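Below are the chains, spelled out letter by letter.
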Amino acid sequence: MAKLNRDVLYLISKELQDNKKTLNSCLLVNKTWSEIFIPTLWKNPWKDLVRENEILLFDIIISHLSNDLRDNLIQYFNFLKSSYQKPLFDYISFCKHLNLIVIERIINTIIDKKYGIPIVESVILNLFIKENRKFTHLYIPHRFDHQIHLIPDAKCCFLELQFLCCHTTIDDNILNGLTEICKSIKELELFIGWTNNKYGIIKLIENQKELSDIRLNYYYSKSLSLPFFQVFGAVEISAKSLTSLIENTSGNLIEIKIGDTAYNGFFNKRIIQAIYLNCPNLRYLKLFVENNNILEFEKLLINCKYLNGLFILFDNQKIFDNQDNSHNDLFNILIKSSPINLFKFKLWFTSNIKSDSLKLFFDNWKGKHPMLLQLSLRDYNDNYNLAGIYKAKGIIKRYDNEAYYEDFEWIKKKV
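Just so it is clear, the structure is predicted and the values come from calculations on it, not from any experiment.

Points about the overall build of the chain
And then number 1: Within the chain, the secondary structure is distributed over 17 helices and 12 strands.
And then number 2: In the chain, which comprises 415 residues, the proportion classed as buried is 49%.
And then number 3: As displayed, the chain offers around 20700 Å² of accessible surface, 51% of which is attributable to carbon and sulfur atoms.

Pasting the structure below:
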């Protein structure tokens, strides 16, 4: 194994990029393996970083400091007084993700002298933002005011940026500077507060040539036209704003993810209507559906004929008559009105589903494309044996617990 061709090892490292435990094990084989696997491991060192390991990561980062800088920072970092070893690799040079949120949090945690925080942040930023660094992902914390766009090598570092996460309260100068540098952002995640740099955000969006995915968190009132968006995800957005955004995407959306917020009654109905009236090309959908709006949901299945994957959080609890059979209505509509390409399902119910209901759903699915089905942990365990029977019959191709997967994944599990 140690003598595998370097190209083969590189391909293996790409396949293992989401599995940090295995990547770390590969580093122990020999120097050649380390040279190949370290760049993959350090591409995004912030991913899945647990709090107890943050200081360890920061120790490695500051080990890149020159002796002069180290001496200047000793007054803020007591542990710098002890000897430390220079890194064997320039780990920072492998980073493609620059997460200033994590860096800021670590610095605020370990520095007692608050007046020293800006000084330390500036030094760390200059470690990352320098010649020959190329970042694809940038995460900016709330109330961040370091003028990173003015660092001499900022243009080189952020010219190929593909993902930006920031608050709409971001400093005007930083936002304008990034707007001038970054032209190829594909994904934008915004945290929106009471006060927003509306003009600056819109200018940033308009300046991008390839932007197709915007995610809005804690959305208040804002008017935006997004005719070029294909992927839309939102958390804590008012129903009025959400429907307005969907209506202003000019029918180009292929993916919608808004299932993390339960919009009830009339608002749930309006969102479903906005989708089936404005999203004819939709492929993937995550949505909360109230049982009272099941007929509106059927219209969505009929109008969105290109649907391929569906993640439904379904309110199947009937409070007044103490019955929880409304999931039968959902199953019947899925059988009757699902588009021909729809066979990937994630189903999450507010109350337990009965095996008899699920059995009826499977029986009536016979003759359609074998389904990829994921249920919540509770329903997954309760119906494991039943699913096995229908898997043997070819009605179910794969049966899993949805918690092991990303929202629109049915094959590749989370690591």
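Topic: the state of the cysteines
And then number 1: Scanning all chains against the criterion turns up zero disulfides.
And then number 2: Cys166 forms no disulfide, and the closest cysteine sulfur to it belongs to Cys165, at a distance of 6.9 Å.

What to know about the pattern of salt bridges
Once the charged atoms of two side chains with opposite charge are near each other, the side chains can pair.
And then number 1: Tallied over the entire structure, the rule returns 11 salt bridges.
And then number 2: The shortest N-O distance in the salt bridge between Arg133 and Asp90 comes to 3.4 Å. Taken together, the positions of Arg133 in the loop between α7 (117-128) and β2 (137-139) and Asp90 in the loop between α5 (67-73) and β1 (97-99) put the pair 43 residues apart, joining distant regions of the chain.
And then number 3: Ionic pairing is found between Lys359 and Asp363, a salt bridge with its closest N-O pair at 3.4 Å. Taken together, the positions of Lys359 and Asp363, both in helix α15 (residues 355-364) and four residues apart, correspond to about one turn of that helix.
And then number 4: Accessibility expressed as a relative area gives 38% for Lys359, which makes it partly exposed.
And then number 5: If you follow the salt bridges from partner to partner, you end up with Lys257, Lys286 and Asp407 in one network.

With respect to the nonpolar core
And then number 1: Counting residues in hydrophobic clusters, the biggest one holds 112 residues, and the most contacted among them are Phe128, Ile148, Phe158 and Ile275.
And then number 2: For this core, the element with the most residues is α7, which contributes seven residues.
And then number 3: Composition of this core by domain shows at least three residues from each of domain 1 (1-42) and domain 2 (212-414).
And then number 4: Excluding its chain neighbours within four sequence positions, the residues that come into contact with Ile275 are Ile246, Ile256, Ile258, Leu282, Leu285, Leu287, Leu300 and Cys304.
And then number 5: Core analysis: the next-biggest nonpolar cluster, separate from the first, contains seven residues, Leu313, Leu372, Phe408 and Trp410 among them.

What about the environment of Asn108?
And then number 1: Relative to the elements of secondary structure, Asn108 occurs in helix α6 (residues 100-110).
And then number 2: It is 9.7 Å that separates the C-alpha atoms of Asn108 and Glu121, two residues lying 13 residues apart in sequence.

Thoughts on empty space enclosed by the protein
And then number 1: Scanning the model with the defined rule gives one cavity of 30 Å³ or more in all.
And then number 2: Considered as a void within the structure, the largest cavity measures approximately 50 Å³ in volume.
And then number 3: In this structure, the largest cavity is lined by Leu100, Ile103, Glu104, Ile107, Glu121, Ile124, Leu125 and Phe144.
And then number 4: Breaking the lining of the largest cavity down by element, the ones donating at least two residues are α6 and α7.
And then number 5: No other element matches the four residues that α6 contributes to the lining of the largest cavity.

Observations concerning unusual backbone geometry
And then number 1: At Asn132, a residue that is not glycine, the phi angle is positive and equals roughly 75°.
And then number 2: Note on placement: Asn132 falls in the loop between α7 and β2.
And then number 3: Its identity as a non-glycine residue notwithstanding, Arg143 has a phi of 60°, on the positive side.
And then number 4: Within the secondary structure, Arg143 sits in the loop between β2 and α8 (154-158).

Quick notes on the rules
- Residues numbered from 1 in each chain as written.
- Predicted model: local features only at pLDDT ≥ 70, side-chain atom pairs only at ≥ 80, totals over all residues.
- Heavy atoms only, no water.
- Helix = DSSP H or I, 4+ residues; strand = E, 2+ residues; numbered from the N terminus.
- Buried < 20%, exposed > 50% of the residue type's maximum accessible area, 1.4 Å probe, protein only.
- Areas by Shrake-Rupley, 256 points an atom, 1.4 Å probe, with all protein chains shown as cover.
- Disulfide = S-S within 2.5 Å.
- Salt bridge = Lys/Arg side-chain N within 4 Å of Asp/Glu carboxyl O.
- Core = buried A, V, L, I, M, F, W, Y, C linked by side-chain atoms within 4.5 Å.
- Domains from an automatic or database assignment.
- Contact = heavy atoms within 4.5 Å.
- 1 Å grid on protein atoms, 1.4 Å probe; cavity = no way out; pocket = protein on both sides within 12 Å on 5 of 7 lines; lining within 4 Å.
- Points joined across faces, edges and corners; volume = space filled by probe spheres on them.

The quantities given are spatial measurements derived from coordinates; they are silent on function.
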